[in-house]
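Residue strings, one per chain:
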Amino acid sequence: MNQGKAQDGGTPVLEWISAGVGLVLTVAMLGFIGWQAWTSTGQELPAVELRVRRILPAGDGWVVEVAALNHSPATAAAVQIEGTLTRDGQTVAESQATFDYVPGNSEREGGLFFREDPNAFDLEVRTLGYARP
Amino acid sequence: MCRRLAAVPLAGEADELTARSDGGQQAPSNREYAVDLMRAFGGAVIFAFPLVMTMEMWWLGFYMDPLRLFIFLALNLAILFGLSCFAGFRDTFSLKEDALDAFAAYGVGIVASAALLTLLGIVTGEMAMDEILGKIAVQAVPASIGAMAARGQLGDSEDEDDKKDKGGYAGQLFLMVAGALLLAFSVAPTEEMILISFLMTPWHGLALVLVSVVMLHAFVYSLEFSGQEKLPGHGSVWRTFFSYSIAGYGIAVLVSLYVLWTFGRLDGAGPAQIAMMTAVLGFPAALGAALARLVV
């Protein structure tokens, strides 16, 4: 069938496929971003949650691998995080790191270095602040 | 692919061969090949220097996933091979020569980027070997495409149009992929690319997708009617729109996603971020797809 069409100077199959794929992708882009535009108010603030992933020895100390999860569609830049090791209410060590970006509804990973073994203390990680990109 | 593409205009090719042998220039002499090689170096330097002078490109060697880097380098070889069918250092009539040209372009790209990186003091002898090799390997990609494109732009282009017509519609699609990949790759490593996607609201993203499609179509349309380029299977305005502009934007989207994945930009990113980054990178990719037929 297609061969007959091609002989008449009609449209080859490849042209149908590539135009079809292109159309689907273009409409998908427009539809998805349009839906985002429709549903977002533009007033959201970043909501960054920190999760401790792993604690491993690193060099002459230890590293705490931290994942920052942004639950809001708003992107946060220069996100400062702080980790504190405490024992009986006494702060033993503090460490800080900065994420350049934690994009909206996305995840970034980083690490905090400590001289002491974080497993031997109470470890608390928290976000300090952010800037709008 | 080459074999199938080359098989289309057999008559034209035969004419070309006859014309060449009539003119008494069946195979290029060593001197001619050396001149072509110098031209290739010129093209490599022109295409490579903007990226050689980009800080993020120097770091790609460390943070890029080795497997993704390997896939990217292999894909580059395939692109070079395909480009050789349309615009090599010299007219090639066989798969073997296209493969030789692809490797030669890669070689020129590697030597040119190694020379540039050393000249600018970006690569020094004190660095670890894998760091040096990584930097050169990444920079060799645009350099080698420049080397391949040099013939089309700097060289004598009498046979160029014949070569381009060889591919037909599939060849046009391939050129769009190559052009989109080159331009998307040129901007994807920079931090500005992701920063822009954070600065834009979804409304901006929507507008950018529409502008990309319109610009792509404007290039396709103006090229078709300028008399420089005849599109294979050119027909109605709507057919041109769907078969070239919309298909071209589809290529731009897929190439953008691939390049983003290669540079690890998709890792941990939410769907909305991915869509925005694709819209941002899709803009240069669409321009690359539109202009590929001019550049190559």
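The rules behind the values
Residues numbered from 1 in each chain as written. Chains lettered and ligands numbered in written order. Predicted model: local features only at pLDDT ≥ 70, side-chain atom pairs only at ≥ 80, totals over all residues. Heavy atoms only, no water. pLDDT = per-residue confidence, 0-100. Contact = heavy atoms within 4.5 Å. Buried area = accessible area lost by both parts, 1.4 Å probe. Salt bridge = Lys/Arg side-chain N within 4 Å of Asp/Glu carboxyl O. Polar contact = N/O pair within 3.5 Å; in protein donor to acceptor, adjacent residues only side chain to side chain. Helix = DSSP H or I, 4+ residues; strand = E, 2+ residues; numbered from the N terminus. Pairing = 2+ DSSP bridges. Axes fitted to C-alpha atoms, helices over the stretch in contact; angles between N-to-C directions. Expected span 1.5 Å × (residues − 1). Buried < 20%, exposed > 50% of the residue type's maximum accessible area, 1.4 Å probe, protein only. Phe/Tyr/Trp six-rings, centres within 6.5 Å; stacked < 30°, edge-to-face > 60°. Lys, Arg positive; Asp, Glu negative; His and termini not counted. Parallel < 35°, antiparallel > 145°, perpendicular 65-115°, else oblique. Left-handed = near helix turned anticlockwise from the far one by under 90°. Nonpolar A, V, L, I, M, F, W, Y, C, P; charged D, E, K, R; others polar. Core = buried A, V, L, I, M, F, W, Y, C linked by side-chain atoms within 4.5 Å. Patch = residues over 30% accessible without salt bridge, like charges linked within 9 Å, V, L, I, M, F, W, Y side chains within 5 Å. Areas by Shrake-Rupley, 256 points an atom, 1.4 Å probe, with all protein chains shown as cover.

Undergrad: Got a minute to help me understand the confidence of the model for chain B in this structure?
TA: Regions with low pLDDT should not have their predicted coordinates read in detail. A residue-level look at chain B finds 77% of positions with pLDDT of 70 or above and a mean pLDDT of 80. Predicted confidence is poor over residues 1–25 of chain B, with pLDDT under 50, and the contacts of this stretch with residues over four places away or in other chains come to 27 contacts.

Undergrad: When you look at the interface of chain A and chain B in this model, what are you seeing that I'm missing?
TA: Many analyses report the size of an interface as the accessible area lost when the parts associate. Contacts between the two partners involve 32 residues from chain A and, on the opposite side, 35 residues from chain B. Note on chain A versus chain B: buried area summed over both sides is about 2700 Å², and carbon and sulfur give 73% of it. Of all residues in chain A, the largest losses of buried area upon contact with chain B belong to Glu15, Met29 and Tyr101 of chain A, amounting jointly to 22% of the total for that side. Seen at the junction of chain A and chain B, the total is one salt bridge. The interface formed by chain A and chain B holds eight residue pairs in polar contact (both at pLDDT 80 or more) in total. When contributions to the side of chain A that touches chain B are tallied by element, the ones reaching two or more residues are helix H2 (13–39) and strand E5 (107–114) of chain A.

Undergrad: Where do I start with the sheet that holds strand E2 (residues 61–70) of chain A in this structure?
TA: The strands making up a sheet are joined through hydrogen bonds of the backbone, oriented either antiparallel or parallel. Residues and elements named next belong to chain A. What the three strands build is an open sheet, ordered E1-E2-E5; its pairing is antiparallel. Looking at the sheet topology across the chains shown, the edges are occupied by strand E1 (48–58) and E5. Each adjacent strand pair in this sheet contributes to an overall mean axis angle of 25°, direction not counted. As defined by bridge partners, E2 adjoins E5 across eight bridges and the pair is classed as antiparallel. In the sheet register, Glu65 faces E5, and the bridge partner there is Gly111.

Undergrad: Help me out: how do you make sense of helix H12 (residues 237–262) of chain B in this one?
TA: Three- or four-residue spacings in an α-helix give side chains the same orientation, since the helix completes a turn every 3.6 residues. With 26 residues, H12 of chain B should reach 38 Å at 1.5 Å per residue; the first-to-last C-alpha distance of 36 Å fits that figure. Of all 26 residues making up H12 of chain B, 20 are buried, and the element is well covered by its neighbours.

Undergrad: What is the right way to look at the packing of aromatic side chains in this model?
TA: Given two aromatic rings, one states the distance between the centres and the angle between the planes to describe the pair. Residue and element names in this part refer to chain B. In total, this model carries 11 aromatic pairs over all chains according to the counting rule given. Ring geometry for Trp238 versus Phe241: centroids 5.8 Å apart, planes at 90°, classification edge-to-face. Within this pair, Trp238 and its partner Phe241 are both found in helix H12, separated by three residues, close to a single helical turn. Since its relative accessible area comes to 19%, Phe241 is described here as buried. With a centroid separation of 6.2 Å and 35° between ring planes, the pair formed by Tyr258 and Trp261 is classed as tilted. Here Trp261 and Tyr258 lie together in helix H12, a separation of three residues that amounts to about one turn. Taken together, the ring pairs connect Phe72, Phe185, Tyr258, Trp261 and Phe263 into an aromatic cluster.

Undergrad: Help me understand the side chain of Arg265 of chain B, please; the structure alone is not making it clear to me.
TA: Here Arg265 of chain B lies in the loop between H12 and helix H13 (271–295). Look at Arg265 of chain B: it is buried, it has no salt bridge, and the nearest opposite charge is Glu56 of chain B at 6.5 Å.

Undergrad: Where do I start with the packing of helix H5 (residues 66–86) of chain B against helix H6 (residues 95–119) of chain B in this structure?
TA: Helix packing for two helices is described by the angle between their axes and how far apart those axes are. Residues and elements named next belong to chain B. Where H5 meets H6, the axes come as close as 8 Å, and the angle between the chain directions of the two elements is 125°. Looking at the two axes, H5 sits oblique to H6. For H5 against H6, the interelement crossing comes out right-handed. Here Leu73, Asn76, Leu77, Leu80, Phe81, Ser84 and Cys85 of H5 lie close against H6, whose contacting residues are Leu95, Glu97, Asp98, Ala99, Asp101, Ala102, Phe103, Ala105 and Tyr106. Class assignment of the residues belonging to the contact of H5 with H6 gives a composition of 11 nonpolar, two polar and three charged.

Undergrad: Looking at this model, I keep getting lost on the sheet that holds strand E3 (residues 76–87) of chain A. Mind explaining?
TA: Residues and elements named next belong to chain A. Ordered in space as E4-E3-E6, the three strands form an open sheet in which the pairing is antiparallel. Of all strands in the sheet, those with a lone pairing partner are strand E4 (90–102) and strand E6 (122–131), marking the two edges. Taking the axes of each pair of neighbouring strands and ignoring which way they run, one obtains an average angle of 20° across the sheet. Relative to E4, E3 runs antiparallel, the two being bridged by 11 bridges. Its bridge partner lying in E4, Gly83 is registered against Ser95.

Undergrad: Would you mind showing me how to read the nonpolar core here?
TA: Nonpolar side chains tend to gather and get buried jointly when the protein is soluble and globular. Among the nonpolar cores identified, the biggest contains 88 residues, and Ile33 of chain A together with Leu83, Phe185, Tyr249 and Val259 of chain B are the most heavily contacted of them. In terms of residue count, H12 of chain B provides more of this core than any other element does, 12 residues in total.

Undergrad: Help me understand a nonpolar patch on the surface, please; the structure alone is not making it clear to me.
TA: Residues and elements named next belong to chain B. Together, Val45, Phe49, Met53, Leu119 and Leu120 give the surface a local cluster of nonpolar side chains, amounting to about 500 Å² of exposed area. Relative to the helices and strands, Phe49 is located in helix H3 (residues 30–52). By relative accessible area, which is 39% here, Phe49 ends up partly exposed.

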